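A closer look at the structure
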Amino acid sequence: MSKIIIEGQKELSGEINISGAKNSAVALLPASVLCKSKSVIYNVPEISDISYLIEIMEFLGCKIENKNGGLFIDTTELRNEPIPENLSVQMRASYYFMGALLARFGKVEISFPGGCNIGARPIDIHIKGFEKLGATVEIIKNRYIITAKKLKGTKIYFDFPSVGATINIMLAASGAEGTTIIENAAMEPEIVNVASFLINMGINVRGAGTKTIEIDGYKEPDNGVVDVFPDRIESGTYIIIGALLGKDLRIKGIIKEHIGALLMKLDEIGIKYQIDGDVLTISKCEDLKPVNIKTQVFPGFPTDLQQPITTLLTQIKGVSTIEETLYENRFKNTYDLNRMGAITNILTLNKLEVKGPRKLKGTKVITTDLRGGASLLIAGLIAEGVTEIEQCEYILRGYSNIIEKLSNVGAKIDFFE
Ligand code: EPZ
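Nothing here was measured: the structure is a model prediction, and the numbers come from that model.

How each quantity is defined
The numbers attached to residues start from 1 for each chain and follow its sequence in the written order. For a predicted model such as this one, the threshold for reporting local features is a pLDDT of at least 70, and the threshold for listing and counting side-chain atom pairs is 80 or more; totals across whole chains, interfaces and linings nevertheless cover every residue. Only hydrogens and water are set aside when side-chain values are computed; all heavy atoms of the structure are taken into account. When a carboxyl oxygen of Asp or Glu is within 4 Å of a side-chain nitrogen of Lys or Arg, the pair counts as a salt bridge. Per the convention used, a helix needs a DSSP run of H or I reaching at least four residues, while a strand needs a run of E reaching at least two, with both numbered from the N terminus. Only protein chains enter the accessibility calculation, which uses a 1.4 Å probe; a residue is then buried when its area is under 20% of its type maximum, exposed when over 50%, and partly exposed in between. Only when DSSP finds a minimum of two bridges between them are two strands counted as paired. A molecule or strand has a residue near it when one of that residue's heavy atoms lies within 4 Å. Polar contact is defined as a pair of N or O atoms within 3.5 Å, subject to the rule that within protein one atom must be able to donate a hydrogen and the other to accept it, and that residues adjacent in sequence are counted only when both atoms are side-chain atoms. In this description, accessible areas are obtained by the Shrake-Rupley approach with a 1.4 Å probe, and a residue is regarded as covered only by the protein chains that are shown. Whether a set of points on the 1 Å grid over the protein atoms alone is a cavity depends on a 1.4 Å probe fitting there but being unable to get out, while an open set qualifies as a pocket with protein on both sides within 12 Å along at least five of seven lines; lining residues are those with an atom within 4 Å of a point. Grid points are joined across faces, edges and corners, and a volume is the space filled by probe spheres set on the points. Residue type decides the class: Asp, Glu, Lys and Arg count as charged, Ala, Val, Leu, Ile, Met, Phe, Trp, Tyr, Cys and Pro as nonpolar, and the leftover types, Gly among them, as polar.

Our focus in this paragraph is the pattern of salt bridges. Here the structure, examined in full by the defined rule, presents 25 salt bridges. In this structure, the salt-bridge partner of D74 is K38, at a minimum N-O distance of 3.8 Å. Of this pair, D74 sits in strand β5 (residues 70-74) while K38 sits in strand β3 (residues 38-42), placing them 36 residues apart in sequence. Among the charged side chains, a salt-bridge network with shared partners connects K3, K364 and E388.

Spelled out as structure tokens, the structure:
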């Protein structure tokens, strides 16, 4: 079991480059199987979720070459095999092969998706969407078998603007006859990134980034090219680290509009930063004010930054609160934060109270999910002494070259297999 060891309280300065977005890239790779022959995806982050997706695609007969800063994907010999459980269970995004293979072949067989255990995470909205397009969904043991003689474009209302369901139905609808309209769609930047890829491969998609998305089915998508957007959650994580330990720390590659809710909250806390183009410069701030945070779908405060910002709140004088509206089990990191000296109280399944300021002390902690891991890593960076983070595979699932990036700006951090 690999671990990360951090000697805390090092001032950080220099520049950190933001990588491509995990939550875009893990949708773009499955989307590439819509292409009859070729596609290229640039700026793919080096994270373990991508390695698992490549394993699935090679299992299905794709040829993938990593060169010139991009993944060159050849889907000419794509086969529609049932996707093995040991691969699909590695991450949530394996479910994007449902929409993509259904569009291309009219059939897909895959096990229940994996992913961080931060709540029940059902996929009922995806399933209802596939059925509305005319597919039949069978569940045998823990496998989905989804078939459609013919997918037919139609109007679909989502009960909730789910990111995953919006993307999966966009993929399936690209293989349907006629036009599909998704109402109450998710508006996250990842949706826009995927839509730009589909449009580039010849599929007509309108309204991505709004609550209403229209997709015209198209039988010959091919030769798609796309750049993965910068990772807004990675950006937010390093900005939070900069507010705690930075000395003119430069975060390069941000898109301001993608992190608006975070910047608003930092302003409320009293954190100062400068933005110049795609570079945000930040230094350690004093006299911070407590705040109340409520996670919401985009453009609201992202749930994926809830745990990283919790560590910042432990350093602020007064009582802050967090209301987590998307997941019912996303406070597990607080147990270890409290063991390091923080004072956080889970008031209800989705309400957390954080009292500060508290000096944190390094100790052994265990990661239970990706963003919880980031929260503990930040705690290790500000803690007195040495912190040992076990099960850090979770962190490497979503943060590209994090050890290197932090070491380069002065952190004392090491990774051990
Ligand atoms: C995506 O997950 C991200 N994952 C998550 O990031 C992120 O937290 C989430 O969007 C919200 O922004 C990827 O993109 C791979 P949802 P997804 O469908 O698609 C409920 C990270 O740390 N729901 O928008 O699974 C669901 O249970 C990860 O990078 C249903 O009830 O999110 C959840 O409570 C964690 N039925 C809420 O909606 C459904 O069919 C949001 O889910 C679908 C979702």
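For strand β8 (residues 143-147), the tally of buried residues reaches four of five residues, placing the bulk of the element in the interior. By the bridge criterion, five bridges tie strand β6 (residues 107-111) to β8 in an arrangement that is antiparallel. Pairing of K107 across the sheet is with T147, part of β8. Two elements, strand β7 (residues 136-140) and β8, share five bridges in a ladder whose sense is antiparallel. Looking at β8, one finds that E138 is bridged to I145. As consecutive antiparallel partners, β7 and β8 are separated by two residues, and within that stretch K141 has a phi angle of approximately 55°, a positive value.

We now examine the site of the ligand. Inspection of the region around the ligand gives 23 residues, with D124, S162, V163, D304 and L326 positioned closest. Interatomic distance of 3.3 Å between a side-chain N/O atom of R121 and an oxygen atom of the ligand. For the ligand, an oxygen atom lies 2.6 Å from a polar atom in the side chain of S162. In isolation the ligand offers 820 Å² of accessible surface; the protein chains occlude 91% of this area.

Taken as a whole, the largest pocket spans an internal volume of roughly 930 Å³. Around the largest pocket sit 43 residues that line it, and Y95, R121, V163, G164 and Y327 are the ones nearest its centre. Split into classes, the residues belonging to the lining of the largest pocket amount to 20 nonpolar, ten polar and 13 charged. Estimates place the volume of the second largest pocket at around 450 Å³. Lining the second largest pocket are 18 residues, and of these L244, K284, E286, Q315 and P357 lie nearest its centre. When residues in the lining of the second largest pocket are grouped by element, the largest group, three residues, is from helix α8 (residues 232-245). Of the residues that constitute the lining of the second largest pocket, the class distribution is nine nonpolar, two polar and seven charged.

With that settled, the discussion passes to the environment of E55. Assignment of secondary structure puts E55 in helix α2 (residues 48-59). C-alpha of E55 to C-alpha of K247: the two residues are 192 residues apart in sequence and 41 Å apart in space.

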